[in-house]
Amino acid sequence: MNTYGYFDDENREYVITNPKTPVKWINYIGTLAFGGIVDQTGGALICKGDPALNRITKYIPQLPASEFKGETLYLRLRQAEGYLVFSPFYVPTLTPYARYECRVGLGYSRIISEMHGLRTEVTIFVPPGASCEVRDIRITNLTDTPLNVDAVPVVEYSHFDALKQFTNADWVPQTMQSEWDADLQVLSQFAFMNKETRVNYFTSNRPISSFESDRARFLGDHEYGTWANPLALQQEELDCYQARRGDNIGALLHHLGDIRPGQTVRLITQLGQVQNVRQARQDIEKYRQEAQIDQALEEMARYWDTYLGTIQVQTPNPDFNRMVNVYNPRQCHTTFNWSRYLSLYQLGLGARGMGFRDSSQDVMGVIPAMPQEAKGLLVKLLSVQKRDGSAMHQFYPLTMEANEGDSREMEDRPSYYSDDHLWAILAVCAYVQETGDLDFLAQEVPFYDKDKNDQPIESAPVLEHLKRGIAFTRGDLGRHGLPLLGFADWNDTGNLPTGAESVFTACLYGTALREMIALAKHLGDKDLAQDYQAAYEQMAQAVNREAWDGGWYIRYFDQDGQPLGSHRNRHGQIYTNAQSWAVISGFAPPERATTALDAVRRRLNTPKGIKLSTPGFNRYDPAIGGMTTYPPGAKENGGIFLHANPWVMIAETIVGRGDRAFEYYNQINPATKNSIIDEYECEPYVYAQNILGDEHPQFGLGRNSWLSGTASWCYQAATKYILGVRPTFDGLLLDPCIPAEWDGFTVTRRFRGSTYRIEVQNPDHVCRGIRSITLDGSPIEGQVLPVLNDGQTHHVVVRMG
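Because the structure is a prediction, the values reported are computed rather than measured. Once a new chain begins, its residue numbering starts again from 1 and follows that chain's sequence as written. Local features in a predicted model are, by the rule used here, given only for residues with pLDDT of at least 70; side-chain atom pairs are given and counted only at 80 or more, and totals for whole chains, interfaces and linings are based on all residues. Computation of side-chain values: all heavy atoms of the structure, hydrogens and water removed.

## Focus on the packing of helix α9 (residues 420-435) against helix α10 (residues 462-474)
Inclusion rule: All axes are obtained by fitting lines to C-alpha atoms, using only the stretch in contact for helices, and the reported angles, taken between N-to-C directions, cover 0 to 180 degrees. Starting at the N terminus, helices and strands are each numbered in turn, a helix being any DSSP run of H or I of at least four residues and a strand any DSSP run of E of at least two. Oblique is the label for any angle not covered by the other classes, which are roughly parallel (under 35 degrees), roughly antiparallel (over 145) and roughly perpendicular (65 to 115). Whether a crossing is left-handed or right-handed is set by the direction in which the near helix is turned from the far one by less than a right angle, anticlockwise for left-handed and clockwise for right-handed. In what follows, a contact means two residues having at least one pair of non-hydrogen atoms within 4.5 Å. Under the scheme applied here, ten amino acids are nonpolar (Ala, Val, Leu, Ile, Met, Phe, Trp, Tyr, Cys and Pro), four are charged (Asp, Glu, Lys and Arg), and all others, including Gly, are polar.
Remark: α9 packs on α10, axes separated minimally by 9 Å, with the N-to-C direction vectors making an angle of 140 degrees. Taken together, the axes of α9 and α10 lie oblique to each other. The chirality of how α9 crosses α10 is left-handed. Judged by residue contacts, His421, Leu422, Ala424, Ile425 and Val428 of α9 engage Val462, Leu466, Gly469, Ile470, Phe472 and Thr473 from α10. A class-by-class count of the residues in the contact of α9 with α10 yields eight nonpolar, three polar and no charged.

As structure tokens, this is what we get:
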């Protein structure tokens, strides 16, 4: 039985009722422009523009969960002798509570607690378009006598260069400074070199009686005082010390006075960053006003109504509905913003920026709901593609500086990843299929290659970027006629020496070719379509000639031409992705397609998800690389790597097995984990990256939540393939593949200026097959709804059979 929380479907919130979750559970607020993460006990990691190069708060995930992280709120009650001090967020004082809720909402977290006769309700969010985090604090007296209450919100600052905060304990503390502006009632903080360019500020809407900006003074006793009991809070006033070095904090003491029984007092804090605090006075004053805070929350709610309203579904499965309607598209929004840059697992310290491969897949999950923003990201991605068609592996959004990722660590391996550039082809085609924006294909975008003045050497239309990507792989083949692996493909940890070949990249290349063939035909370019069709058939022959192992497809050939992912191997005999993508690409003939997928079910499926490979390697092998650094059953060494699971779902719909596709969907749906949290541990409202597999003693343990390509691909698997509502260049294709037991389902879908209300009926209880489709009562030929672009709502009835 779950003892940690529940879904509040009416309010679109997950409600955490026990602050002591097995690991920190978080929410994202704001965007990469300004925002970050908030955990279930009020700690926060906030940045502006880039978590590595412009971090604001100091949040150290490796510290125990009971420790202060980034931000908190203290309340204190005046007593006969001294003060009773506690945090309504539970951490860091660990005060017993009568009630605790953290409501994880859409762009906000709302923490409600009852302790020592006070109910505290704190809504934490970033107003749309603002560069500040707001905490809207409401404190209510639940007793029958007045209570004299002080409130002390606290933030601890990080150096803006997040990595240097931890690697240079000489320079960093010498640069950190704080200043008080009595007129504005603002406590500012900055690194000395940023004093006139990037200033953090902390303020509120109520008179600030005193403040502290030095951590040592706040904790007291040469920092042998603790966050659980800061000695400064036993003083009537804080010291009003303006730090000129050291560990900078912001602590603002508010005397709220006597709060009458039943009375609620409201305190609003702001943590922001501006170039100049005095010049930003108008914005600071704006979010001191209660009406403006209420308005900002309403605006944010309207935004999410619009965003989520692009696709809404109703099926017989409540967990499927809540994920597809709310939590999955919301997670896609988060991965779109943050890629793999900042979470409690990817720490945003600069080793990893925005991934080319990652963001190319993430963007596909948001294209229906935010096409213009998606288009902007696509331009950024294509601008770090190289002239030869390959791509840089990652980039930093604040500077757009790119690099080759982990390949820099192994000088005896190639520097490129064989798959990166191909994902962008899928993403651009998905954008054009959704929007019909053919003009985008003519937009000029520079390549990443620079001259001696650091200026791009060449620019080209988007369509040419796609052609270059195809050309790179077409000309980068190994001895079996398959694409060379490079440093790695999608599996970053498969780092075979130079000369190895990737069957996965072959299949991804085939999928990209199919998209380009369809695009060329839509553009009327018959010669290009024929050329790419010939390339497709050539690669299909190579895959089936060289990579079929008798019962499944091989995953790699090493530098000596030996297979990996074969029955001949002792470890790593079968890999999921070679099977799913052989089907997705269309390379696998029908009999081989079902045989390969049956092998996945027999060898790789578990009740908790599909493993990436089996059996696991039992020792480190430098010839294979990173996957062998994990013990058997963990991550890429036989773990349940969730990102790969929706690809099997999609493959199963392609062969028409809706029951099996939905079974695979359901067994990794995080909402279904809500009753087994002590085993699973991660948030049940977002997908994790991985679950430990059955070769591991902690089988079922989830990790690395939020920033995973699982989000985009599960959303696509659910909406485009299981429900089968799929954009094409010509219109909206209807091709559902569902559990046979379903009587049907409904989908409301906005598409190219019209809204389609689609009712799917399944009277014969089949998995796949369409008997008839009517549009506004009139039958249509085929399965593609026409593009109407009339601003109207249209009713579609699909009868399966």
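## Re helix α15 (residues 645-654)
The α-helix advances 3.6 residues per turn, and as a result positions three or four apart in sequence lie on the same side. Keep this limit in mind: Burial classification: accessible surface area is computed with a 1.4 Å probe over protein chains only, and a residue below 20% of its type maximum counts as buried, one above 50% as exposed, and the rest as partly exposed.
In terms of residue burial, α15 counts as a mostly covered element, since nine of its 10 residues are buried. Three or more residues of α15 are buried, namely Asn645, Pro646, Trp647, Val648, Met649, Ile650, Ala651, Glu652 and Thr653. Directly after α15, the chain includes Gly656, whose backbone phi takes a positive value near 90 degrees.

## Re the pairing of strand β16 (residues 210-214)
Applied cut-off: The criterion for strand pairing is that DSSP finds at least two bridges linking the strands in question.
Among the five residues of β16, five are classified as buried, and the element is accordingly described as predominantly covered. Relative to strand β17 (residues 248-259), β16 is paired through four bridges, and the arrangement is antiparallel. Directly across from Glu212, in β17, lies its bridge partner Ala251.

## Things to note about helix α8 (residues 371-382)
Heads up, the rule is: The span you would expect from a helix comes to 1.5 Å times its residue count less one. Arc, as used here, means the arc of the directions from the helix axis to the C-beta atoms.
A rise of 1.5 Å per residue sets the reference length of α8, with its 12 residues, at 16 Å; its end C-alpha atoms lie 16 Å apart and thus fit the reference within 8%. The set of residues buried in α8 consists of Ala374, Lys375, Leu377, Leu378, Leu381 and Leu382. Down the axis of α8, the buried set is contained in an arc of 165 degrees. They therefore lie on one face.

## A closer look at the sheet that holds strand β3 (residues 26-31)
The sheet built from three strands is open, its strands ordered β3-β4-β5 with antiparallel pairing. Every other strand in the sheet has two partners, leaving β3 and β5 (44-47) as the edge strands with one partner each. Ignoring strand direction, the axes of neighbouring strands in this sheet form an average angle of 10 degrees. Bridge count for β3 against strand β4 (residues 34-39) is six bridges, and the pairing is antiparallel. Each bridged residue has a counterpart across the sheet, and for Asn27 the counterpart in β4 is Val38. Lying over the sheet, helix α6 (residues 318-338) contacts β3, β4 and β5, oriented at roughly 60 degrees with respect to β3.

## Here's the deal with the nonpolar core
To keep things clear, this is the line we draw: The nonpolar core is taken to be a set of buried Ala, Val, Leu, Ile, Met, Phe, Trp, Tyr and Cys residues, with the residues joined through side-chain atoms within 4.5 Å.
Core analysis: the largest hydrophobic core is formed by 225 residues, its most contacted members being Val363, Trp647, Tyr665, Tyr685 and Ile758. With 12 residues, helix α11 (residues 503-523) is the single largest residue contributor to this core. Discounting residues that sit within four places of it in the chain, Trp647 has contacts with Gln361, Trp423, Trp490, Phe504, Asn577, Ser580, Trp581, Ile584 and Trp713. With 15 residues, the next largest nonpolar core counts Val85, Phe218, Leu233 and Leu253 among its residues.

## Examining the packing of aromatic side chains
We describe a pair of aromatic rings using the distance from one ring centre to the other and the angle between the two ring planes. Counted only if it meets this: Only Phe, Tyr and Trp rings take part, Trp by its six-membered ring, and two of them pair if their centres are within 6.5 Å. Stacked means planes under 30 degrees apart, edge-to-face means over 60, and tilted covers everything else. The rule is short: NZ of Lys or CZ of Arg within 6 Å of the ring centre and within 35 degrees of the ring normal puts a charge over the ring.
A full pass over the atoms with the stated rule returns 43 aromatic pairs. Ring centres 4.9 Å apart and planes at 80 degrees place the aromatic pair Phe7 and Tyr14 in the edge-to-face group. Since its relative accessible area comes to 0%, Tyr14 is described here as buried. Between Trp490 and Phe504, the ring centres sit 6.5 Å apart and the planes meet at 40 degrees, which makes this aromatic pair tilted. In this pair, Trp490 sits in the loop between α10 and β25 (501-502) while Phe504 sits in helix α11, placing the two residues 14 residues apart along the sequence. In this structure Trp490 comes out as buried when scored by relative accessible area, which is 6%. One aromatic cluster is present, built from ring pairs that chain together Tyr4, Phe7, Tyr14, Trp25, Tyr28, Tyr327, Trp338, Tyr685 and Trp706. Cation over ring: Lys450 sits above Tyr448, and NZ or CZ is 3.6 Å from the ring centre.

## A few points about the packing of helix α5 (residues 290-308) against α6
Here α5 crosses α6 at 100 degrees, and the two axes come no closer than 10 Å. Taken as axis vectors, α5 and α6 run roughly perpendicular relative to one another. Contact with α5, carried on its side by Tyr303, Trp304, Tyr307 and Leu308, involves Asn325, Val326, Pro329, Arg330, Cys332 and His333 of α6 and no other residues of that element. Looking at side-chain class alone, the contact of α5 with α6 contains seven nonpolar, two polar and one charged residues.

## A short note on the sheet that holds β17
On the basis of which strands lie adjacent, the open sheet formed by five strands has the order β7-β6-β12-β17-β16 and antiparallel pairing. Of all strands in the sheet, those with a lone pairing partner are β7 (83-86) and β16, marking the two edges. In this sheet, neighbouring strand axes are inclined to one another by 20 degrees on average, regardless of whether the strands run parallel or antiparallel. Pairing of strand β6 (residues 71-78) with β7, which is carried by four bridges, proceeds in the antiparallel orientation. Looking across to β7, one finds that Arg76 is bridged to Val85.

## Concerning the pattern of salt bridges
Our working rule: Here a salt bridge means any side-chain nitrogen of Lys or Arg lying within 4 Å of a carboxyl oxygen belonging to Asp or Glu.
The tally for this structure, following the rule as stated, stands at 56 salt bridges. For the salt bridge of Asp8 with Arg103, the shortest nitrogen-to-oxygen distance reads 3.0 Å. Here the residue Asp8 occupies a position in strand β1 (residues 5-8), and Arg103 occupies one in strand β8 (residues 99-104), the gap between them amounting to 95 residues. For the pair Asp8 and Arg103, a shared accessibility class is recorded, and that class is buried. One salt bridge in this structure joins Asp319 and Arg322, with 2.6 Å as the shortest N-O distance. Of this pair, Asp319 and Arg322 are both found in helix α6, three residues apart, which corresponds to roughly one turn of the helix.

## Brief notes about the pairing of β5
Successive side chains on a regular strand alternate, one facing one side of the sheet and the next facing the other. Side chains Ala44 and Ile46 project from β5 onto one buried face, and the interleaved Leu45 and Cys47 project onto a second face that is buried too. A loop of four residues connects β4 with β5, the two strands running antiparallel in sequence, and Gly42 in this loop sits at a positive phi of about 85 degrees.

## Digging into unusual backbone geometry
Looking along the chain, the bond that leaves Val91 and enters Pro92 is cis, with omega of 10 degrees. Looking at the element boundaries, Pro92 is found in the loop between β7 and β8. Going from Thr614 to Pro615, the amide bond is cis rather than trans, its omega being -15 degrees. Note that Pro615 resides in the loop between β31 (613-614) and β32 (640-641).

## Focus on the side chain of Arg330
Cut-off, in case you're wondering: The convention is simple: Lys and Arg are positive, Asp and Glu are negative, and His and the chain ends are not counted. For this analysis, a polar contact is any N or O atom pair within 3.5 Å, provided that within protein one partner can donate a hydrogen and the other can accept it, and provided that sequence-adjacent residues contribute only side-chain to side-chain pairs.
Summarising the element assignment, Arg330 is placed in helix α6. The buried charged residue Arg330 lacks any salt bridge, with Glu683 as its nearest oppositely charged partner at 10 Å. Polar side-chain contacts of Arg330 include one of 2.8 Å to the side chain of Asn27. Not counting the four nearest positions on each side in its chain, Arg330 is found in contact with Asn27, Tyr28, Gly105, Leu106, Gly107, Trp304, Tyr307 and Trp706.

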